[in-house]
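Close look at the chain arrangement
Chain by chain, the residues:
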Amino acid sequence: MSQTGNRRERPKVAVTRKLPDSVETRMAELFDVSLNLADEPLSKEALKSAVATADVLVPTVTDTIDAEVIEAAGEKLKLIANFGAGVDHIDLKAAHKKGIVVTNTPGVLTEDTADLAMALLLSVPRRIFEGEKILRSGGWTGWTPTFLMGHRIQGKRLGIIGMGRIGQAIARRARAFNMAVHYHKRTRLPAQVEAELEATYWADLDQMLSRMDFVSVNCPLTPETHHLLNRDRLKKMQPHSVIINTARGEIIDEEALADMIEVGRLAGAGLDVFEEEPTINPKLLSLDNVVLLPHMGSATIEARVAMGEKVLINIRTFMDNHRPPDRVLPL
């Protein structure tokens, strides 16, 4: 990691991955910052070395900040300012026990992730990936009435698992396509929000799954949601159903999903996240009715810069001895 900024009275901030230039430049102006210009994931030993001397660690989803890494933190480390909304890669309980505050960057990636979820939702039933693949390979011989027939999404039922910011943004988009919105969530939305989204609540996830044409996964990854969609649950879905996942890969039993799509028990999937990123299940790679993207839900310039700005605000607020606006507490 390269060092920038020499004023030792500034807080020492260790950044684990390459961030947008404007964000890194502002960090250099404000802090004694170590940047990862090579943009290579840090090893566990490198992470332990970083937390041993830094005041603030700025990790991303590619960094496993487990109890071992947190235990290696020096007395100076008081803040982990995560670049991203999800914090399942950070041991929140271990950080809390050691007196380290954890923050994230919620809200700013909502619309971009919802856009991508809808792109996947459209791509699978309209067989966009298959058409593009045939065209590029030179296999298209011209228009015919029965070539690559898919399905419309108008009038279909969309079941959203997790109705937070992103889930609600997807619901608004789905209503614009005249889809019927259903959702499952631990706590039911207020009646006014339900009415605005024209959304039907299901307390029982299994009952919802058995009735949906599309299912969008938008809940956080927790011990309770790991393999929430396991083989038994996937079997409850209808053979024409399509799954969209822009949340976390571990929420779905990926092997079971691939098996069921392969034998026609599910119609397809649109996936932006995977269980063993960046490794992809070979079965998924072989299926034309599965659209795969490289975890790019928030990959817009606007979102990534806004995420960086939230990190900066959280650090500055904390260093000014105030409660950072995006503090995350262990469950």
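Residues numbered from 1 in each chain as written. Predicted model: local features only at pLDDT ≥ 70, side-chain atom pairs only at ≥ 80, totals over all residues. Heavy atoms only, no water.

- In the nomenclature of an unreviewed UniProt entry, the chain corresponds to D-glycerate dehydrogenase from the organism Gimibacter soli.
- Quoted verbatim from the Sequence similarities (unreviewed entry) field of the UniProt record, the comment on the chain reads "Belongs to the D-isomer specific 2-hydroxyacid dehydrogenase family." (UniProt positions renumbered as here; feature names shortened; annotations may be inferred.)

1. Quick notes on the UniProt feature "domain: D-isomer specific 2-hydroxyacid dehydrogenase NAD-binding" (unreviewed entry) in the chain
- Within the UniProt annotation, "domain: D-isomer specific 2-hydroxyacid dehydrogenase NAD-binding" (unreviewed entry) is assigned to residues 118-297.
- Secondary structure content for residues 118-297 is 32% helix and 16% strand, while the C-alpha to C-alpha distance between its ends is 11 Å. (Helix = DSSP H or I, 4+ residues; strand = E, 2+ residues; numbered from the N terminus.)

2. Brief notes about the UniProt feature "domain: D-isomer specific 2-hydroxyacid dehydrogenase catalytic" (unreviewed entry) in the chain
- UniProt's entry tags residues 14-328 with the feature "domain: D-isomer specific 2-hydroxyacid dehydrogenase catalytic" (unreviewed entry), counted in the numbering of this structure.
- Secondary structure across residues 14-328 divides into 37% helix and 14% strand, with the first and last C-alpha atoms of the span separated by 19 Å.

3. Observations regarding the nonpolar core
- One finds Ile161, Val217, Leu229, Leu234, Ile243, Leu257 and Leu266 to be the most contacted residues of the largest nonpolar core, which totals 30 residues.
- Listing elements by their share of this core, those giving two or more residues are helix H9 (205-209), strand E10 (214-217), helix H11 (254-262) and strand E12 (268-271).
- Per-element accounting of this core gives the leading share, 5 residues, to H11.
- If we skip the residues at most four places from it in the chain, Leu229 touches Ile161, Leu209, Val217, Leu234, Ile243, Ile251, Ile252 and Asp253. (Core = buried A, V, L, I, M, F, W, Y, C linked by side-chain atoms within 4.5 Å. Buried < 20%, exposed > 50% of the residue type's maximum accessible area, 1.4 Å probe, protein only. Contact = heavy atoms within 4.5 Å.)

4. Focus: the pairing of E12
- Of the two faces of E12, the one carrying Gly268 and Gly270 and the one carrying Ala269 and Leu271 are both buried.
- Bridging between E12 and strand E13 (residues 290-292) involves 3 bridges; their strand directions are parallel. Looking at the pairing, Gly270 lines up with Val291 of E13. (Pairing = 2+ DSSP bridges.)

5. Focus on the packing of helix H1 (residues 21-30) against helix H13 (residues 301-319)
- H13 packs onto H1 with a crossing angle of 20° between their chain directions and a minimal axis gap of 9 Å. One way to sum up the angle between H1 and H13 is to call them roughly parallel. For the pair H1 and H13, the sense of crossing is right-handed. For the pair H1 and H13, the contacting residues are Ser22, Val23, Arg26, Met27 and Leu30 in the first and Val305, Gly308, Val311, Leu312 and Arg316 in the second.
- Residues that form the contact of H1 with H13 fall into these classes: 6 nonpolar, 2 polar and 2 charged. (Axes fitted to C-alpha atoms, helices over the stretch in contact; angles between N-to-C directions. Parallel < 35°, antiparallel > 145°, perpendicular 65-115°, else oblique. Left-handed = near helix turned anticlockwise from the far one by under 90°. Nonpolar A, V, L, I, M, F, W, Y, C, P; charged D, E, K, R; others polar.)

6. Structural notes on a nonpolar patch on the surface
- Nonpolar side chains collect at one region of the surface, where Leu135, Trp140, Trp143 and Phe147 lie side by side and expose about 520 Å² of accessible area between them.
- Position of Trp140 relative to the elements: it lies in the loop between helix H6 (128-136) and strand E7 (157-161).
- Residue classification places Trp140 among the partly exposed positions, given a relative accessible area of 46%. (Patch = residues over 30% accessible without salt bridge, like charges linked within 9 Å, V, L, I, M, F, W, Y side chains within 5 Å. Areas by Shrake-Rupley, 256 points an atom, 1.4 Å probe, with all protein chains shown as cover. Salt bridge = Lys/Arg side-chain N within 4 Å of Asp/Glu carboxyl O.)

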